[in-house]
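Coordinates in review
These are the residues of each chain, in order.
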Amino acid sequence: MSARSDTELLLVQVMLRAAQALLRVLRTHPTDGDAQARAADVLRLSFGPIWSRLPFVELQVTDAGGLWNDHAVLEAEDDDEGLIEVLSGGG
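All of the points below concern the structure found in this document. (Residues numbered from 1 in each chain as written. Predicted model: local features only at pLDDT ≥ 70, side-chain atom pairs only at ≥ 80, totals over all residues. Heavy atoms only, no water.)

Notes on the nonpolar core
Quick note on the threshold: By nonpolar core is meant a set of buried Ala, Val, Leu, Ile, Met, Phe, Trp, Tyr and Cys residues that side-chain atoms within 4.5 Å join together. For every residue, the accessible area (1.4 Å probe, protein chains only) is compared with the maximum for its type, and the residue is labelled buried under 20%, exposed over 50%, or partly exposed between those bounds. Secondary structure elements are taken from DSSP: a helix is a run of H or I of four residues or more, a strand is a run of E of two residues or more, and numbering for both begins at the N terminus. Residues count as neighbours in contact if any of their non-hydrogen atoms are within 4.5 Å of one another.
If you look at the biggest cluster of nonpolar residues, it comprises 21 residues, and the most contacted ones within it are V12, L16, I50, V57, W68 and V73. Mapped by element, the contributors of at least two residues to this core are α1 (3-28), α2 (33-51), β3 (71-75) and α3 (83-87). It is α1 that provides the largest number of residues to this core, a total of nine residues. With residues near it in sequence (within four places) discarded, L16 still touches L59, V73, L74, L83 and L87.

Now the structure itself:
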């Protein structure tokens, strides 16, 4: 994997972690609009670096987790917030 691909892989993982953080805030602070807005801002900011490198990010979502370019970017056992279910349309 090239240095560019390594960087893009890391950026995709950062983006997914920010999405998990937003789900966590929505679950743990359902009435805290300020906390939700901050988490949503972090998620929006996490998209900038990857969009500056790639026109789109195509994830393959399975029960085992999420793949990007045949590399695991989110393992099911690490998905405490249920992002895989949300991405697959079930949440």
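Quick notes on the sheet that holds strand β2 (residues 65-68)
Two pairing modes exist for strands in a sheet, parallel and antiparallel, and in both the strands are linked by backbone hydrogen bonds. Which entries qualify depends on this criterion: When DSSP finds two or more bridges between two strands, those strands count as paired. For helices, the axis comes from a line fit to the C-alpha atoms of the stretch in contact; other axes are also lines fit to C-alpha atoms, and the angle between any two N-to-C directions lies between 0 and 180 degrees.
Strand order in this open sheet of three strands is β1-β2-β3, and the pairing throughout is antiparallel. With one partner strand each, in any of the chains shown, β1 (60-62) and β3 form the two edges of the open sheet. The average undirected angle you get between the axes of adjacent strands in this sheet is 25°. Sheet topology places β1 next to β2; three bridges connect them, and they run antiparallel. The residue of β2 that forms the bridge with T62 is G65. Sitting on the sheet, α1 is in contact with β2 and β3, with an inclination near 15° to β3.

Things to note about the packing of aromatic side chains
Which entries qualify depends on this criterion: Here a pair means two rings of Phe, Tyr or Trp (six-membered ring of Trp) with centres within 6.5 Å. Their orientation is stacked below 30 degrees between planes, edge-to-face above 60, and tilted elsewhere.
In total, this model carries one aromatic pair according to the counting rule given. Seen in terms of ring centroids, F47 and W51 are 5.4 Å apart; in terms of plane orientation they differ by 50°. Their pairing is tilted. Linking F47 with W51, this pair stays in helix α2, spanning four residues, or about one helical turn.

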